[in-house]
Structure formats: structure tokens, C-alpha cells
Amino acid sequence: MVLKRVLVIDDEENILVSLKGVLEDEGFAVETARGGSVGLQKVRKFLPDVVLLDIWMPEEDGIRVLEKIKKADSYVEVIMMSGHGTVETAVKAIKLGAFDFLEKPIHFDKLLVLLKHAFTVKELQDENKLLREQLSEGEALIGKSAPMDKLKTLISVAGPSNGWALVQGENGTGKELVAKALHRASPRSQHRFVAVNCAAIPDELIESELFGHEKGSFTGAHDRKTGKFEQANGGTLFLDEVGDMSAKMQAKILRALQENCIQRVGGDQAIDVDIRVIAATNKDLKHLIRDQVFREDLYYRLNVIPVFVPALRERREDVPLLLSHFIAMYSAGKKLSISSSTLRMLQSYPWPGNVRELKNWVERACILSTGDVIDSLEIGDWEDDSQPDVLSFEEKSLRMARAQFEKEFIVKMLLENGGNVSKTAQVIGVERSHLHKKIKNYGIDPCTL
Ligand SMILES: Nc1ncnc2c1ncn2[C@@H]1O[C@H](COP(=O)(O)OP(=O)(O)OP(=O)(O)O)[C@@H](O)[C@H]1O
Ligand SMILES: [Mg+2]
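Structural notes, computed from the coordinates.

About the criteria used
Residues numbered from 1 in each chain as written. Chains lettered and ligands numbered in written order. Predicted model: local features only at pLDDT ≥ 70, side-chain atom pairs only at ≥ 80, totals over all residues. Heavy atoms only, no water. 1 Å grid on protein atoms, 1.4 Å probe; cavity = no way out; pocket = protein on both sides within 12 Å on 5 of 7 lines; lining within 4 Å. Points joined across faces, edges and corners; volume = space filled by probe spheres on them. Nonpolar A, V, L, I, M, F, W, Y, C, P; charged D, E, K, R; others polar. Near = heavy atom within 4 Å. Polar contact = N/O pair within 3.5 Å; in protein donor to acceptor, adjacent residues only side chain to side chain. Areas by Shrake-Rupley, 256 points an atom, 1.4 Å probe, with all protein chains shown as cover. Helix = DSSP H or I, 4+ residues; strand = E, 2+ residues; numbered from the N terminus. Domains from an automatic or database assignment. Buried < 20%, exposed > 50% of the residue type's maximum accessible area, 1.4 Å probe, protein only. Contact = heavy atoms within 4.5 Å. Disulfide = S-S within 2.5 Å. Pairing = 2+ DSSP bridges. Core = buried A, V, L, I, M, F, W, Y, C linked by side-chain atoms within 4.5 Å.

### Quick word on empty space enclosed by the protein
Taken as a whole, this structure holds 1 cavity of 30 Å³ or more when the rule is applied. In this structure, the largest cavity encloses a volume near 40 Å³. As for the largest cavity, its lining consists of Lys-45, Glu-214, Arg-264, Gly-267, Asp-268, Gln-269 and Ile-271. Classifying every residue of the lining of the largest cavity gives 1 nonpolar, 2 polar and 4 charged.

### Considerations on the site of ligand 1
Of all residues adjacent to ligand 1, which total 18 residues, the nearest are Ile-142, Gly-172, Lys-175, Arg-356 and Lys-359. Here an oxygen atom of ligand 1 sits 3.1 Å away from a polar atom, N or O, in the side chain of Asn-171. About the coverage of ligand 1: the protein hides 89% of its 630 Å² of free accessible area. Secondary-structure elements contributing two or more residues to the shell around ligand 1 are helix H7 (175-184), helix H13 (319-330) and helix H15 (354-368). Residues of the shell around ligand 1, tallied by class, amount to 8 nonpolar, 4 polar and 6 charged. Two domains each provide a minimum of three residues to the shell around ligand 1, namely domain 2 (147-308) and domain 3 (313-389).

### Quick look at the environment of Phe-46
Relative to the helices and strands, Phe-46 is located in helix H2 (residues 36-46). In this structure Phe-46 comes out as buried when scored by relative accessible area, which is 12%. Counting along the chain gives 295 residues from Phe-46 to Ser-341, while the straight-line C-alpha distance between them is 62 Å. Phe-46 has contacts with Arg-5, Val-6, Leu-7, Ala-29, Val-30 and Glu-31, leaving out every residue within four places of it along the chain.

### Some details on the environment of Asn-171
Counting through the fold element by element, Asn-171 comes out in the loop between strand E6 (165-168) and H7. With residues up to four places along the chain from it excluded, the contact list for Asn-171 reads Asn-282, Pro-352, Gly-353, Asn-354 and Arg-356. A distance of 2.6 Å separates the side chain of Asn-171 from the side chain of Asn-282, its partner in a polar contact.

### Side note on the state of the cysteines
If you walk through the whole model with that rule in mind, you get 0 disulfides. For the unlinked cysteine Cys-261, the closest cysteine sulfur is that of Cys-198, found at 20 Å. For Cys-261, a relative accessible area of 19% corresponds to the buried category.

### Quick notes on the pairing of strand E13 (residues 276-281)
Within E13, 6 of the 6 residues are buried, leaving the element largely enclosed by the surrounding structure. Here E13 shows no split at all, with Arg-276, Ile-278 and Ala-280 on one side and Val-277, Ala-279 and Thr-281 on the other all buried. Across 4 bridges, E6 lies against E13 in parallel orientation. The residue of E13 that forms the bridge with Val-167 is Ala-280. The pairing of strand E10 (residues 236-240) with E13 spans 4 bridges and is parallel. Paired with Leu-239 across the two strands is Ala-279, which belongs to E13.

### A word on the nonpolar core
Ranked by size, the top nonpolar core spans 33 residues in total, and within it Phe-229, Leu-239, Val-242, Met-249, Leu-257, Phe-294 and Leu-302 carry the most contacts. Elements represented by at least two residues in this core include exactly strand E7 (193-197), helix H8 (206-211), E10, helix H10 (247-259), E13, helix H11 (285-290) and helix H12 (296-302). Ranked by the residues each element gives to this core, the list is headed by H10, at 5 residues. Those residues in contact with Leu-239, other than ones at most four positions away along the chain, are Val-196, Cys-198, Ile-253, Val-277, Ile-278, Ala-279, Ala-280 and Leu-302.

### Observations regarding unusual backbone geometry
Across the junction of Lys-104 and Pro-105, the peptide omega takes the value 0 degrees, indicating a cis bond. Assignment of secondary structure puts Pro-105 in the loop between strand E5 (100-103) and helix H5 (108-137). Non-glycine residue Trp-351 carries a positive phi angle of around 45 degrees. Assignment of secondary structure puts Trp-351 in the loop between helix H14 (340-348) and H15. With relative accessibility at 1%, the residue Trp-351 sits in the buried group. Of note in the backbone geometry, Asn-354 takes a positive phi value of approximately 55 degrees without being a glycine. Within the secondary structure, Asn-354 is located in helix H15.

Quick look at the structure:
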């Protein structure tokens, strides 16, 4: 569980001590600061959710400190405290973004009610933001084929655990979508899902991107910045394209993951982080380990729950569902359907770019179709010579390769024969009952082809 962080800033030592005691007893993580300037430093280092701030302090008055806190980190809620509160100062503080005003001597019950209120408001804001992000991105994992069913079951079982996962699959199969689904199914879903594209960070920026930096720690560090690890605290860190990480990045990440703690560039404090890691790659990490470009210790650390996302050609049954889903997304309310010849073609196409390629095809089709029916002739085709080897036999036994080929072959022939099993059996020269058995074993549903 992530403790809620409260920072108390006051010039009176006895107030700091008593508030710390009461709030810690209530289960908060509490830091105290005597005076505004120490307080501001602690806002930067401790990253509190809520600050209790005295208005009258000899060194610097609380209203100025409030302004600086909000400038440094607008996410923090500030509750002002004062023994000589006037309506004007209270109004001024609220205008500057204070959450509320509390009169001294502090009534603890009142304080706890106010803190509870502040945290509820924060949680609602976070939840709202999260829901808006999810809605706008269209996160649903579409597919009802046997491999997708298996994947969804795994997500529902493994998601709620705290186990780290390694999501593997070809380009465009939906690895990021799967990672987000794992996060949503977890108790961490109220916290953030922070993605890091490991292939896109240059070596010299790794530490600052991942762990953040303090103001002035290097040329160009104009402000304090939190890194991806801190942003994901309490939530999920999605390490995308892990197979493309440089050796330096692998070492830095492994160390942070082992110690559950990081240090900002130019900072002197170790910051504890509580994160779940979900990694993804389209590379064969075992091969990379053999070639000594990926660390074996990091691989075992990441690969607690292996998750394989099947290629689209291994679940052609999902093509019609995906088509409807994306047509609804891109047709802008227009009623569009697909001609049966185009559908047959789309189902037998190997989709080397997987769901992403299909999604892009639908977007193009929706733009270019002039009538109510999408027809491939109107849209223009993909280039035939772009079709790669449909089967990849790497790391597979002969038995598995044969089975894979057999399944693909049966699906293709069924498609060519309109899903008619008797006709297909005749064409490929096997008994109808034999073909039925194969169809059942491979989980092919001729009705959805
Ligand atoms: N099962 C699915 N249902 C709906 N949309 C999907 C599905 N799978 C993938 N998509 C969509 O296809 C696109 C590619 O998905 P995503 O980015 O998750 O793939 P990826 O495996 O991470 O690809 P890459 O290896 O290229 O990074 C996204 O727009 C995503 O929303
Ligand atoms: Mg991806």
C-alpha cells in the first residue's frame, strides 16, 4: 500500500511534534519542516500529497510560501493554519489555490476530517483523469477466438496479482493494450500506468528520464523534474521494447528494480518507489541473451508471468469483429458494410502488421469509400510482394510447425470454399469426418470464417 504523504510546515517545534505524532498514528507518512525555506525543499524531496502550512512564520509568511509551493508542484493540496486568521487572509489563500483554512489551536478531529476530504477530492480528480484517458484511447481488447479467450483469462487471473509480466508478440498485435488491461485489472488501477519506450531514450538522457533530476543539476536542467519511476509510484511502469535497451540502460534499470529505490540526478536523497513492472518486446530475448546483448538476470527478473499475444493470422476468426470495431470507430456515423468478396480476402490475408495494419486499412477504407459498402477495388490493394513468410518455425518442434501449417491450410481452404466442410474435405482429399475432427482440435469455427 502507498502511504498518503503529509508535510507540516510551521515555526513552532511543539506543533510540528504533536501533529507528526497524531498523523502518524492515523497512518499517514509525515515529514515536518521548521520554516518556509526548509518546507519548500521538503516539498521537492518528499513529494507530499497535502501540506499543512502555518500562515504566520517570522522568516517568510505562509502566503508567499503557498505561492511558491503551488508553483513548484501544483498537484499538492495546501491547508493553511493560523491562530490570528482574518477573513481577508483566508480569502487570499483560497484564491492562491489553498484547499482550506484551519484555525489554531488545531482541533485534531477537524484536521482529520479536512485531510480525509482533501484526499477524497484528490482521488476523484485522479480517477477522473484516468477514466478520461482510457475512454479517449479506446482500450477494449477485441477478439473472441480461442487464443484471445485464453489471453483474456490470463489477464483476469494474473492482472490482480502483483506479479511482473513480460508481454511478447509481433509488431502491432496489441502488446501495449494487453499491458494496460493487466494494469486495469490490478489493485494499482487507481494509480498511473506510465510507459517508457526503452528504444527511444538516448544513453545520455537515461537517468534523467527514468529517475528525474534536480534543478541546475546539469546544463539545461531549468527545473526539477520527476522521472518515470517516480511518476509510476504506486502504479505500473510499462517498459516497452525492452529488447532494444542499451547495456547502460539495462544496468540502470536492473539496479533500480532490485533496490526499489532511485535517486534523482543531482539529488542526494534515495527515494523509495513501489511499482509493478510490465515489460514488452517483439524480440526473442532468449536469442539476445545468447548473443550477449540482453542480461540474463534482467530477463528472469522481468519474466515472472510470460504473456504471449498471438499474431492476427493465428486468429483469423477475429478479423470480422475487429473490422466492425474499427469501422464503428472511423465511419463517423456513416453506415458502412463490407462486401463479401472483400471480407474473404481480408480473412485470408496474412496481416504481417497485425491489428495495427488492419486498423489502418479500415481507416483508409472509411475515408476512401464513396458508397455504403467497402470494396477493396475502390481502396486499392496492399502490395503482394510485401507479404512475408507466413510461418516462422523458429524455436518450434517439427510437430508444432506441422500443426501450425495444417491449421492455416485448413482455414485457408475453408475460406476458399465458403466455410463448407464437405466441399473442403473433397478438395483437399480427406474424409469429411477426419476434417471435422481436425477443425474441432484446432478450435476453428467455420461459421465465423
Ligand atoms: N485486440 C485488439 N482490439 C482492439 N484494438 C487493438 C487490438 N490489438 C491491437 N489493437 C490496436 O492496434 C494498435 C496496435 O496495438 P499496440 O500498440 O498495443 O500493439 P503493440 O503490440 O504494442 O505494437 P508494437 O510492437 O508495434 O509496439 C493500437 O491502435 C491498438 O489500439
Ligand atoms: Mg507497442
